[in-house]
Amino acid sequence: MPNLKLSYLNFRFLAEPARLILHYSGVNFEDERLNFNTWDSVKQTSPFKTLPILTINGNQQIGQSMTINRYLAKKYKLNGKTEMEDIHINCIAEYFREMMEKARPFIRFMNRGIGEGTKEEIYQKYQVPNVKTYFPVIVQLLKQSKSGFFADSGITWIDFFISEYVDSIQNLDPELAKQFPELLEHSLKVHSLPQLQNYLKSRKHTTW
Ligand SMILES: N[C@@H](CCC(=O)N[C@@H](CS)C(=O)NCC(=O)O)C(=O)O
């Protein structure tokens, strides 16, 4: 089993799907939490000057979150049961990530104070319209599945990826989240998985 260190900031956002893959799979790993000051001091030597970073056996690094998710999901068999399921999951991931990037100015403003306008203005401009455009498609994709997870065969990494973001919307704006009851139900189903309970019990609450 490789020695794994997952480095990120002290919240969920781009690293939590990988953390959940590892906890669900019962894999030991170092869950390194940096703050913006400690991060700034190591940033220049990192592969893409961004977090998260997965360090494998102390010398190989993966510096993009989606690649980390895909690497771990493949390794721990959370990437679907067939090639077509893997493709299906990846399409959903690309679509969802597109929305996350469009809504990103809000998170950037909240984390680092970067952006023009008030918190509410930035939220209404970037977060709300993107959720309202993308979430209905995600709901349809969920309804098409036979398992209650996004893949017919059952749980895969995309369930961690989407449910974590849905939880962030629920934390930020419960009224907006309530418009998507299927996604709230899905998130509950994912976060009720027995394999995750030890971790979730000890997890510190963060908005995203
Ligand atoms: N495409 C990258 C984006 C990573 C990213 O933007 N990370 C942010 C944290 S959420 C970051 O490193 N911020 C600190 C910085 O830019 O110095 C990925 O998915 O890993």
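Residues numbered from 1 in each chain as written. Predicted model: local features only at pLDDT ≥ 70, side-chain atom pairs only at ≥ 80, totals over all residues.

If you check an unreviewed UniProt entry, the protein appears there as glutathione transferase from Panagrolaimus davidi. Under the heading Catalytic activity (unreviewed entry), UniProt records this for the protein: "RX + glutathione = an S-substituted glutathione + a halide anion + H(+)". (UniProt positions renumbered as here; feature names shortened; annotations may be inferred.)

So, on to the site of the ligand. Every residue close to the ligand is listed here: F13, L14, K43, T50, L51, P52, Q64, S65 and M66. A breakdown of the residues in the shell around the ligand according to their chemical character gives five nonpolar, three polar and one charged. (Near = placed C-beta within 6 Å. Nonpolar A, V, L, I, M, F, W, Y, C, P; charged D, E, K, R; others polar.)

With that settled, consider the sheet that holds strand 1 (residues 4–9). Pairing within the open sheet is mixed, and its four strands lie in the order 2-1-3-4. With one partner strand each, in any of the chains shown, strand 2 (30–34) and strand 4 (60–62) form the two edges of the open sheet. Taken over all neighbouring pairs, the strand axes of this sheet differ in orientation by 20° on average, direction set aside. Pairing of strand 3 (residues 53–56) with strand 4, which is carried by three bridges, proceeds in the antiparallel orientation. Bridge assignment links L54 to a residue of strand 4, and that residue is I62. (Pairing = 2+ DSSP bridges. Helix = DSSP H or I, 4+ residues; strand = E, 2+ residues; numbered from the N terminus. Axes fitted to C-alpha atoms, helices over the stretch in contact; angles between N-to-C directions.)

Moving on, we come to the environment of F11. Summarising the element assignment, F11 is placed in the loop between strand 1 and helix 1 (16–24). Take F11: there are 17 C-beta atoms within 10 Å of it, and that puts it in the partly exposed class. For F11, the contacting residues outside a window of four places in its chain are T206 and W208. (Buried ≥ 20, exposed ≤ 12 C-beta atoms within 10 Å, placed from the backbone. Contact = placed C-beta atoms within 7 Å.)

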